[in-house]
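Structural description and commentary
So you can see what is in the structure, the chains are spelled out below.
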Amino acid sequence: MSIRKQAAPPRRLTVGDVVAAHSWDLGEWTVAQIVQLDSASQTAAVLELDWSGPEPSSVADLGDVAPLRLTHHSWNGALSFYNLEWVLPRSHKVVGAMPLLHDKPANCWTSGWRLGDQLARQRRWDSGVHEDPITAWKAEYTGETVNEYLSQPTAPRSEVTQLTIRDIDSLDCAQLVQRFPGVTWLRLHDALAFSQPRAS
């Protein structure tokens, strides 16, 4: 029996909507814009904005906002822009809509809404703090370093629940799951090449 896909998100979302959420990383509220909605994959392309402050009641409370560009570590000015499942958490709210600040597809995939994580990292970097706080449950790799790590006979990192991998050319997802069995939030960024099983 086939499962019928939903034609729209469970909570109403429209391209151009601005979503607000409280960020524990920032200690205040932050926002993002919905750039695209894809009913086939049931995802939303989410563009984080360079803003934080008290809980907004409308887009008018935001003033002039711009997309968040990442220059921390080796991001080289990339937008904080990714595809997410389109189920908006109850802790998030739509505060209005505005003209699109970006209109291209996202090439990053993330599980779990965590608005403010990248903005907090960028602000630490801009203030001269180039090391993330030591948190055993959070890890970030490039595609090259994670593939090198996966090729080594080391014990699984079960403590990691949030994992970011960027600059990816290819990735063995089966090994990734075995090496990081506790991950509940995963962000993959760049052109991905997934191996497909051969037909017998």
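Let us look at the structure shown here. (Residues numbered from 1 in each chain as written. Predicted model: local features only at pLDDT ≥ 70, side-chain atom pairs only at ≥ 80, totals over all residues. Heavy atoms only, no water.)

Side note on the nonpolar core
Our working definition: Remark: nonpolar core denotes a set of buried residues (Ala, Val, Leu, Ile, Met, Phe, Trp, Tyr, Cys) joined through side-chain atoms within 4.5 Å. Relative accessible area decides the class of each residue, using a 1.4 Å probe on protein chains only: under 20% of the type maximum gives buried, over 50% gives exposed, and in between gives partly exposed. Helix and strand definitions here come from DSSP, where helices need a minimum of 4 consecutive H or I residues and strands a minimum of 2 consecutive E residues; each element is numbered from the N-terminal end. By the convention used here, residues are in contact when the closest approach between their heavy atoms is within 4.5 Å.
Counting 16 residues, the largest nonpolar core has V18, V31, L47, W51, L62, V65 and F81 as its most contacted members. The leading source of residues in this core is strand β3 (residues 43–53), at 4 residues. Beyond its immediate sequence surroundings of up to four residues, W51 is in contact with W29, T30, V31, P56, D61, L62, V65, L119 and R123. Formed by 14 residues, the second largest nonpolar core is a distinct cluster that contains V19, I34, Y82 and L84.

Observations concerning the layout of surface pockets
Here is the rule we go by: Put simply, the grid is 1 Å and covers the protein atoms alone, a cavity is a trapped set of points that fit a 1.4 Å probe, a pocket is an open set with protein on both sides within 12 Å along at least five of seven lines, and lining residues have an atom within 4 Å of a point. Grid points are joined across faces, edges and corners, and a volume is the space filled by probe spheres set on the points.
Its volume calculated, the largest pocket comes out at about 320 Å³. Taken together, 16 residues line the largest pocket, and the ones lying closest to its centre are R121, D132, P133, K138 and E140. Breaking the lining of the largest pocket down by element, the ones donating at least two residues are α1 (117–126) and β9 (138–142). Ranked by the residues each element gives to the lining of the largest pocket, the list is headed by β9, at 4 residues.

That is the geometry; function is a separate question.
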